[in-house]
Amino acid sequence: KSDSTYDYIVVGGGTSGLVVANRLSEQKNTTVLVIEAGGSVYNNPNVTDTLGYGKAFGTDIDWAYETTDQEYAGGSSQIVRAGKALGGTSTINGLVYLRAQAAQIDAWEAIGNKGWNWKTLLPYFKKGEQLQDPSKHPVLDGSGISFDPAYHGFTGPLKVGWPSTQLNDGLAQKLNATYQNLDVPVQFNRDPNSGDMVGYSLYPKTLDYELNIREDAARAYYYPYQNRTNLHVWLNTHANKITWKDGHEAAADGVEVTLSNGKTTVVKASREVILAAGALKSPVLLELSGVGNPDILSKYGIATKVNLPTVGENLQDQMNNGLEFESKKSHADGKSADYVSYPSAAQLFPNSTALGADLLRKLPAYAAQVASANGNVTNASDIYRFFKIQWDLIFKDGIPVAEILLSPYGNTYSSEYWGSVPFSRGSIHLSSADPTAAAIIDPKYFMLDFDFEAQVQAARFIREVFNTEPLGDMAGAETTPGLSTVPADADDEAWADFIKGKYRSNFHPITTAAMLPKEIGGVVDTSLKVYGTSNVRVVDASIMPFQVCGHLQSTVYAVAERAADIIKGRL
Ligand code: FAD
C-alpha cells in the first residue's frame with residue numbers, strides 16, 4: 001500500500017468525503033483513495049435502525065469529542081458526538097433532512113463568496129437526493145405529509161422520505177390546529193425544504209422506505225459503487241497530517257497515515273489532498289500539517305508551512321434543551337412523529353422590534369468580546385460584519401430563530417428545541433503534535449446573552465403551545481422542567497439553572513475552516529482551497545460561514561456535490 005500514488009486522497013470517509021470521492025471516481029481515469037479512521041457499519045443495527053437514535057452514542061463508532069469546561073454555561077464540559085465509521089456522522093445522526101432558509105445561503109455570497117447562493121446550491125441539493133414519493137405509499141395516506149416536487153430530486157443517490165413507521169393517528173393535524181390557535185399563529189408550511197422554512201411542517205428523513213433502514217453516506221455514495229477499480233477505501237486508517245513537496249510553495253504530495261496494523265506510512269497524492277474529516281477534525285489536521293496560527297503551532301514544535309491564524313477559529317454550534325409533558329393518551333412503540341415548527345423572531349419574541357433594536361446596539365460589544373477571547377486573531381470589525389448579516393437575517397429576512405421538534409412516546413410528549421442562530425463563537429485547536437491527542441474544543445456556549453434569551457423564549461413558546469387547544473387538552477402536566485422547578489411566569493434568570501444545567505451540544509459544529517475572503521478571516525476560498533496552498537481543499541461542515549436553520553447534513557451533502565464539480569473544473 002505504501003508505494004501507491006493516487007490522483008486524489010480524501011481524508012475522512014464521512015458525509016462529505018464519500019460524495020466527493022464518488023463524484024471524482026466517476027471519471028474512469030482518475031484514482032481516488034478515501035482514508036477513514038472507522039470501519040464499516042453496513043450491518044450495525046445501532047446504525048440501521050431508523051428508530052434507534054442514540055444507540056450508537058458512546059460506542060466505538062462515536063468520536064465523543066469533549067469540550068473544555070464551558071464558563072458561560074454552568075461550568076461543565078460537553079460531549080460533541082460525531083460518527084467514526086465509513087459514512088461518518090451520517091451513520092449516527094437523527095436522519096432529519098432539512099435544509100436552510102434561502103436567505104441564509106445567499107448570505108454566503110453577500111459576505112464575499114461569489115457563486116455560493118441558494119440558487120446555485122439548490123441544483124446540488126436536488127442532484128444528491130432521491131425523494132421517495134409518499135403518495136406511492138398508502139400507509140402514509142392521511143398522515144398530513146406534503147412536499148413541493150419543484151424543490152426535490154428523485155434520481156440522486158441519497159434516499160430521502162417519510163418512514164412506514166410514521167405516526168398516523170391525527171396528532172399531526174391536531175398540532176397544526178394548535179399552531180393556528182396561538183396568539184401569534186404559526187402557519188402550516190407545505191415544504192420546509194423549499195428555502196422558506198418558517199412555519200409548521202412534517203419533515204422527511206434520510207432513510208430507505210422499503211427496507212426501513214437508515215440511509216447514510218456509505219449506503220448512498222459508496223456501497224453501490226464499491227466495485228469501481230479507481231476508488232479505494234482504507235478503513236481503520238488514521239490520517240496524521242498532510243505531507244508537502246520540498247520547496248517553498250505549500251503543495252501537498254500525500255498524507256501520513258497510521259494503518260490498521262499500527263504501522264505509520266505515507267501515501268502519495270499526485271493532484272490534491274481533500275480534507276473531509278469533519279468540523280472538529282479538519283482544522284486540527286491543518287494545524288498538524290503546519291497550516292495555522294504560528295503562535296499555536298510553535299508551542300507544539302510544529303513548523304509553520306502556511307501562516308493562517310484563523311484555522312480553528314469561528315467555531316459555532318447550537319444548544320439543545322428539552323421540555324416534557326404528560327400525555328393523556330398512551331402512544332404505541334415503534335412509531336415516529338417528525339413534526340417541526342420554525343417560528344420567526346416576530347412569532348417567537350413578544351417584543352421582537354424592541355429586542356432587535358437592543359441587539360443591534362449590542363453587536364459591536366459582542367464582536368469585541370469574540371475577538372478579545374481569541375486574542376484578536378479574528379478582527380472585531382470582521383466579526384461585527386458577520387453579526388450584522390446575521391441580525392439582518394433574523395430581523396429583516398425573518399429566518400426562523402428557533403427549531404421546535406415534538407415527539408410522542410409512551411405517556412409522554414417530548415419537545416426538543418434550540419435557538420437556531422446563536423451568536424457565540426469559540427475555537428478548536430490542537431493540544432499536542434501527537435495526531436491522536438484530543439483537541440481543545442471551546443464552543444463558548446451561551447457567551448452572548450441573546451443566545452440565552454432565544455433559548456429561554458423558545459421554552460416559553462413551547463409552554464404556550466402545550467397550553468393551547470387542542471394539544472392543551474391532550475397533554476397533562478409538564479414534567480421537565482416542571483412548574484415547581486421553573487414557575488409559569490418565570491423570568492429569564494429563573495430559567496438559567498435549567499437551561500444551562502440541562503442543555504447539550506446540538507451537534508452542529510461549523511465554520512472552523514471558514515469559506516470567507518482571506519482578509520476577513522477565511523481559511524478556504526470559494527473553490528474550497530486552503531489559502532496559501534496550491535492543492536489542499538476542505539469540503540466538510542468546517543467551511544460553512546454561517547449557521548443554517550435546518551440540520552446540517554443536507555447542506556453538507558449539497559456543498560460536497562458542488563465541491564466535486566469545482567474540483568472537476570466544471571464550475
Ligand atoms: P463527518 O460525516 O463526521 O465525516 C468525517 C469523517 O472523517 C468521519 O467518518 C471520521 O471518522 C473521519 N475522520 C476524522 N478524523 C480522521 C482522521 N484523522 N483520519 C481518518 N478519518 C478521520 N444533521 C442532520 O442534517 N440531521 C440530523 O438529524 C442530524 N442529527 C445529528 C445527530 C448527531 C448525534 C450528530 C453528531 C450530528 C447530527 N447532524 C444531523 C449533523 C450532521 O450529521 C453532520 O453535520 C454531518 O454529517 C457532518 O458531515 P461531515 O462530512 O462534515 O463530517
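Keep in mind that what you see is a predicted model, and the values were worked out from it rather than measured.

Draft legend 1. A look at the pairing of strand β13 (residues 264-275). Pairing geometry for strand β1 (residues 5-11) and β13, over six bridges, is parallel. Pairing of T5 across the sheet is with K268, part of β13. Pairing of strand β12 (residues 252-258) with β13, which is carried by five bridges, proceeds in the antiparallel orientation. Looking at the pairing, T258 lines up with T264 of β13. Remark: five residues form the turn of the hairpin made by β12 and β13, two consecutive strands paired antiparallel; G262 in that turn has positive phi of roughly 90 degrees. Where β13 meets strand β24 (residues 536-538), three bridges bridge the pair, whose relative direction is parallel.

Draft legend 2. The environment of F154, seen in detail. Inspection of the secondary structure puts F154 in the loop between β5 (129-131) and β6 (158-160). Between the C-alpha atom of F154 and that of L131, which follows or precedes it by 23 residues, the distance is 4.9 Å. Other than its neighbours up to four places away in sequence, F154 contacts E129, Q130, L131, F147 and P149.

Draft legend 3. Local environment of the side chain of S527. Looking at where S527 falls in the secondary structure, it is placed in the loop between β23 (504-505) and β24. At a separation of 2.8 Å, a polar atom in the side chain of S527 contacts the side chain of D525. Excluding anything up to four places from it in sequence, S527 contacts R537 and I566.

Draft legend 4. Quick peek at helix α5 (residues 171-180). Residues of α5 that are buried: L171, A172, L175, T178 and Y179. Taken around the axis of α5, the buried residues stretch over an arc of 120 degrees, which confines them to a single face.

Draft legend 5. Expanded view of unusual backbone geometry. Each neighbour pair has its own omega, and for E469 with P470 the value is 0 degrees, a cis peptide bond. Along the chain, P470 turns up in the loop between α12 (449-466) and α13 (471-474). The linkage connecting T480 with the following residue, P481, adopts the cis geometry, with an omega of -5 degrees. Along the chain, P481 turns up in the loop between β22 (475-480) and α14 (492-502). One non-glycine residue with positive phi stands out, namely N212, at about 50 degrees. Position of N212 among the secondary structure elements: in the loop between β8 (207-208) and β9 (213-214).

Draft legend 6. Molecular detail of the site of the ligand. Taken together, 38 residues lie around the ligand, and T15, S16, E36, T89 and Q553 are the ones closest in. In isolation the ligand exposes 1,000 Å². Once the protein is present, 97% of that is buried. Elements that contribute at least two residues to the shell around the ligand include exactly α1 (15-24), β11 (238-244) and α15 (552-567). Tallied by class, residues from the shell around the ligand come to 16 nonpolar, 17 polar and five charged.

Draft legend 7. A look at the packing of aromatic side chains. This structure, assessed with the given rule, holds 27 aromatic pairs. Ring plane angle 65 degrees and centroid distance 4.6 Å describe the contact between Y42 and Y223, whose orientation is recorded as edge-to-face. Taken together, the positions of Y42 in the loop between β2 (32-35) and α2 (45-48) and Y223 in the loop between α6 (217-221) and β10 (231-234) put the pair 181 residues apart, joining distant regions of the chain. According to the relative accessible area criterion, Y42 is partly exposed, its value standing at 35%. A ring pair is formed by W63 and Y65, whose centres lie 5.7 Å apart and whose planes are at 10 degrees; its orientation type is stacked. For W63, a relative accessible area of 23% puts it in the partly exposed group. Of the residues examined, Y65 reaches a relative accessible area of 12% and is grouped as buried. Through pairs of rings, three or more aromatic residues link up here, namely Y179, F188, Y200, Y339 and F461. For K84, the ring lying beneath its charged end belongs to W63, and the centroid distance is 4.6 Å. When the ring centre of W63 is taken as reference, the NZ or CZ atom of K281 above it lies at 3.4 Å.

Draft legend 8. How the structure looks around the nonpolar core. Residues L286, Y339 and F387 are the most contacted members of the largest nonpolar core, which totals 182 residues. Sorting elements by how many residues they give to this core places α12 first, with 10 residues. In contact with L286, not counting residues within four places along its chain, are I242, L275, V291, V311, V523, V530, V536 and V538. Counting residues in hydrophobic clusters, the runner-up holds six residues, among them A56, I61, A85 and I92.

Draft legend 9. Representation of the confidence of the model for the chain. With 99% of its residues at a pLDDT of at least 70, the chain reaches an overall mean of 97. Across the interface, the model reports ipTM at 1.00; the global pTM reads 0.98.

Draft legend 10. Representation of the packing of α12 against α14 in the model. The N-to-C vectors of α12 and α14 enclose an angle of 95 degrees; their axes lie 10 Å apart at closest approach. Taken together, the axis directions place α12 and α14 in an arrangement best described as roughly perpendicular. Across the interface between the two elements, F452, E453, Q455, V456, A459, R460 and R463 of α12 pack against D492, W495, A496, I499 and K500 of α14. Across the contact of α12 with α14, the residue classes break down as six nonpolar, one polar and five charged.

About the cut-offs
- Residues numbered from 1 in each chain as written.
- Predicted model: local features only at pLDDT ≥ 70, side-chain atom pairs only at ≥ 80, totals over all residues.
- Heavy atoms only, no water.
- Pairing = 2+ DSSP bridges.
- Helix = DSSP H or I, 4+ residues; strand = E, 2+ residues; numbered from the N terminus.
- Contact = heavy atoms within 4.5 Å.
- Polar contact = N/O pair within 3.5 Å; in protein donor to acceptor, adjacent residues only side chain to side chain.
- Buried < 20%, exposed > 50% of the residue type's maximum accessible area, 1.4 Å probe, protein only.
- Arc of directions from axis to C-beta.
- Near = heavy atom within 4 Å.
- Areas by Shrake-Rupley, 256 points an atom, 1.4 Å probe, with all protein chains shown as cover.
- Nonpolar A, V, L, I, M, F, W, Y, C, P; charged D, E, K, R; others polar.
- Phe/Tyr/Trp six-rings, centres within 6.5 Å; stacked < 30°, edge-to-face > 60°.
- Lys NZ or Arg CZ within 6 Å of the ring centre and 35° of its normal.
- Core = buried A, V, L, I, M, F, W, Y, C linked by side-chain atoms within 4.5 Å.
- pLDDT = per-residue confidence, 0-100.
- Axes fitted to C-alpha atoms, helices over the stretch in contact; angles between N-to-C directions.
- Parallel < 35°, antiparallel > 145°, perpendicular 65-115°, else oblique.

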